[in-house]
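Coordinate inspection notes
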Amino acid sequence: MSLFADLNLSKPVMKALEDMGFESATAIQAEAIPVALSGTDMIGQAQTGTGKTVAFSIPMIERIDTEEDVVQGLILTPTRELCIQVADEIRKVGIHKKVRVLAVYGGQDINRQIKSLKNRPHIIIATPGRLIDHLNRKTIRLQNIRMVVLDEADEMLDMGFVEDIETILSNCPEERQTLLFSATMKPGVKNLAQKFMKDIKHVSVKAQEVTVPLIEQVYYEVTERQKLDVLTRLLDIQNPELAIVFGRTKRRVDELMNALITRGYQADGLHGDLSQRQRDAVMKKFRDGSIDVLVATDVAARGLDVSGVTHVYNFDIPQDIDSYVHRIGRTGRAGKSGIASTFVTPREMEHLHQIERITKRKIAKRPLPTIAEARIGKQRLALDMIVEATNEDLGGYRNLAKELLDQYDSVMLVSAALKLLTKNTNEVPITLTEEQPLRTKRTKPKTDRRDRGRKTGPTGMKPAGGKGKLKQGKKEARSRKKEAVLSW
Ligand SMILES: Nc1ncnc2c1ncn2[C@@H]1O[C@H](COP(=O)(O)OP(=O)(O)OP(=O)(O)O)[C@@H](O)[C@H]1O
Ligand SMILES: [Mg+2]
């Protein structure tokens, strides 16, 4: 166990960490923070949910000079949701030092951002496309940048942001420090690093596996038609606190979300075709628990940290192994446990084995849940609701209860209450549009129905320059996508 106190941090930062309730540094924090504080360029790799955000936020906050009203730190993230989240986290780390932080991302009114820039932020957290817009408009200047962090660098390259990132880095001063973080890496990242970083130190937390051991990994062999029933039965049996269900396409997410609502679940969907306002509203509902099932494309696979996500369901097996690692990593974060269930159609079994081989982890097969088990699950939930309600003020109900008990048998009454409380949506027949099974051939290009299609990325914005033209770099990035390499 490492203490933050051993890392020579400034008082305001130490106080912030105390406010955040962090008692000790995680392994990546203990290893990466001293290296980053020494000023050297660094590539940091550690499993999902192990605190990489704070690992780069602390050195960045320490490097900011609040006497200077210029942008000194820049963090790039692949998606808008992650941009907002990282901004919130670094803001907390910098609160006592009074560091000003601004998130700048696509889909948000650019004029509002320009107005916020008048507050002279010290750190900007941005999605690449929108930052390029600001550079073109000269509303953001990067000439005073001291430190750049590329969070989820491999994903940004996969999304076709390579040219944007190169433009952005070329606009930063040569002598800046560059840090690059992700749970997974791939060769494209190495090329970028060679071009834009110097004397790189690699800090990677050596783990037995790329996935987190606290995540129980299981699979269900299903046909396309069985998937929905299997999912709703599992939701009834497992009763997740919060769950994320990943679907392969935007259409899939929409249909599945509607199907779950029809069957009585508090669900909503997230994908790149929604307006930013809708996306923000969905994330807010998920974070505050007003929905408990988030159905999403891979737009939610990277970096998102929502405490209370106990279950991840891969309704469709992910397109590549990195995506599997990141999707399931939405649970089992910060030392908590979680369950990741993957639905695999018979034709996709080879994909599952490939995931097992590369992650060096056996994924256990589970028998399909039955209607009877689901019914018991729903009844248990009703029972929990009654027991929980006994803690509430039952004032007015007590006399009614006494009246009833004078006339009826107590077991009969409680049974009736349980029956009424047991969710009775049954399995309303719903047919989802079938998804094509994944093919095993690794060189297959991505279909444009994917949420990371060419017109809009998961961020919903046109990549690179906003012209929507597929440039050479992006083609290359896309063909590399299938290489699914977890380390170099
Ligand atoms: N030292 C710490 N002690 C306790 N909790 C921590 C500590 N550092 C970070 N956390 C919490 O752990 C959670 C996961 O952190 P974070 O999102 O940075 O993980 P990550 O490594 O970036 O994961 P991913 O690869 O999925 O992006 C967050 O809720 C964060 O606040
Ligand atoms: Mg992260």
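Residues numbered from 1 in each chain as written. Chains lettered and ligands numbered in written order. Predicted model: local features only at pLDDT ≥ 70, side-chain atom pairs only at ≥ 80, totals over all residues.

1. Looking at the overall build of the protein
- When you go through the protein residue by residue, the secondary structure sums to 18 helices and 14 strands.
- Burial statistics for the protein: of 488 residues in total, 46% are counted as buried.
- Partitioning the intrachain contacts of the protein with sequence separation of at least 6 by distance along the chain shows that 79% fall at a separation of at least 24. (Helix = DSSP H or I, 4+ residues; strand = E, 2+ residues; numbered from the N terminus. Buried ≥ 20, exposed ≤ 12 C-beta atoms within 10 Å, placed from the backbone. Contact = placed C-beta atoms within 7 Å.)

2. Quick look at the sheet that holds strand 12 (residues 309–314)
- With parallel pairing, 7 strands are arranged side by side in an open sheet as 10-11-9-12-13-8-14. Single-partner strands in this sheet number two, and they are strand 10 (267–270) and strand 14 (364–365).
- The sheet contacts of helix 12 (residues 276–287) involve strand 9 (242–246), strand 10 and strand 11 (293–296), and relative to strand 10 the element is tilted by about 135 degrees.
- The strands that helix 13 (residues 321–328) touches are strand 8 (215–221), strand 9, strand 12 and strand 13 (338–344); relative to strand 12, the one it contacts most, it runs at about 155 degrees. (Pairing = 2+ DSSP bridges. Axes fitted to C-alpha atoms, helices over the stretch in contact; angles between N-to-C directions.)

3. Concerning the confidence of the model for the protein
- Across the protein, the average pLDDT comes to 90, with 90% of residues at or above 70.
- In the model, residues 442–488 has pLDDT below 50 throughout and makes 107 contacts with residues more than four positions away in sequence or in other chains.
- Scored as a whole, the predicted complex attains pTM 0.88, and scored at its interfaces, ipTM 0.99. (pLDDT = per-residue confidence, 0-100.)

4. Let's talk about helix 6 (residues 128–137)
- Listed in full, the buried residues belonging to helix 6 are Pro 128, Gly 129, Arg 130, Leu 131 and Ile 132.
- Structurally, helix 6 contributes buried residues whose contacts are with strand 2 (73–76), strand 3 (101–104), strand 4 (123–126), helix 7 (153–158) and helix 8 (162–170).
- Directly after helix 6, the chain includes Lys 138, whose backbone phi takes a positive value near 60 degrees.

5. What about the UniProt feature "domain: Helicase C-terminal" (unreviewed entry) in the protein?
- In the numbering used here, UniProt assigns the "domain: Helicase C-terminal" (unreviewed entry) feature to residues 214–374.
- Measuring from the first to the last C-alpha atom of residues 214–374 gives 25 Å, for a span that is 37% helix and 22% strand. (UniProt positions renumbered as here; feature names shortened; annotations may be inferred.)

6. Digging into the packing of helix 15 (residues 371–389) against helix 17 (residues 410–421)
- As a packed pair, helix 15 and helix 17 sit with axes 8 Å apart at the nearest point and diverge in direction by 115 degrees. Classified by the interaxial angle, the pair formed by helix 15 and helix 17 is roughly perpendicular. The chirality of how helix 15 crosses helix 17 is right-handed. Listed contacts from helix 17 to Gln 379, Ala 382, Leu 383, Met 385 and Ile 386 of helix 15 are Ala 417, Leu 418 and Leu 421.
- Here the contact of helix 15 with helix 17 is built from residues that sort into 7 nonpolar, 1 polar and no charged. (Parallel < 35°, antiparallel > 145°, perpendicular 65-115°, else oblique. Left-handed = near helix turned anticlockwise from the far one by under 90°. Nonpolar A, V, L, I, M, F, W, Y, C, P; charged D, E, K, R; others polar.)

7. So, the domain arrangement of the protein
- Domains assigned within the protein are domain 1 (2–204), domain 2 (212–369) and domain 3 (372–392 + 408–425).
- Taken over C-alpha atoms, the centre of domain 1 sits 28 Å from the centre of domain 2.
- At the interface, 18 residues of domain 1 touch 16 residues of domain 2.
- Mapped by element, the contributors of at least two residues to the side of domain 1 that touches domain 2 are helix 4 (80–93) and helix 7.
- Counting residues per element, the side of domain 1 that touches domain 2 draws most heavily on helix 4, at 4 residues. (Domains from an automatic or database assignment.)

8. Considerations on the site of ligand 1
- Around ligand 1, 19 residues are found, and the nearest of them are Thr 48, Gly 51, Lys 52, Thr 53 and Ala 334.
- Take the shell around ligand 1: its biggest share by element is 3 residues, from helix 3 (residues 52–63).
- When the residues that make up the shell around ligand 1 are grouped by side-chain class, the tally is 6 nonpolar, 10 polar and 3 charged.
- If you count residues domain by domain, the shell around ligand 1 takes at least three from each of domain 1 (2–204) and domain 2 (212–369). (Near = placed C-beta within 6 Å.)

9. Overview of the sheet that holds strand 4
- Spatial strand order, 3-4-2-5-6-1-7: 7 strands in an open sheet with parallel pairing. Each end of this open sheet is capped by a strand with a single partner; those strands are strand 3 and strand 7 (201–204). Neighbour-to-neighbour, the strand axes of this sheet turn through a mean angle of 15 degrees, independent of strand direction.
- Looking at chain direction, strand 5 (residues 147–151) and strand 6 (residues 177–182) are connected through 5 bridges and run parallel. By the bridge assignment for strand 6, Leu 150 is matched with Leu 180.
- Where helix 2 (residues 27–37) meets the sheet, its contacts fall on strand 1 (42–45), strand 6 and strand 7, and the angle it forms with strand 1 comes to roughly 175 degrees.

10. Describing the pairing of strand 12
- Burial of strand 12 is extensive: 5 of the 6 residues sit out of reach of the surface.
- Note that strand 9 and strand 12 share 5 bridges and pair parallel. In the strand pairing of strand 12, Ala 243 is matched with His 311.
- One crossover worth recording links strand 12 to the parallel strand 13 by way of helix 13, and it is right-handed. (Right-handed = clockwise from strand over helix to strand, strands pointing away.)

11. Considering the nonpolar core
- Formed by 119 residues in total, the largest nonpolar core has its most connected members in Ile 125, Val 245, Val 293 and Val 295.
- Residue-level mapping places this core at the junction of two domains, with at least three residues from each of domain 1 (2–204) and domain 2 (212–369).
- If sequence neighbours within four positions are ignored, Val 295 has contacts with Val 245, Gly 247, Val 253, Leu 256, Met 257, Leu 260, Ala 267 and Gly 269. (Core = buried A, V, L, I, M, F, W, Y, C linked by C-beta atoms within 7 Å.)

12. Quick notes on the environment of Glu 356
- Relative to the assigned elements, Glu 356 resides in helix 14 (residues 349–359).
- Taking the C-alpha atoms as reference points, Glu 356 and Ile 321, separated by 35 residues in sequence, lie 9.1 Å from one another.
- With near-sequence residues (within four places) excluded, Glu 356 lies in contact with Arg 361, Lys 362 and Ile 363.

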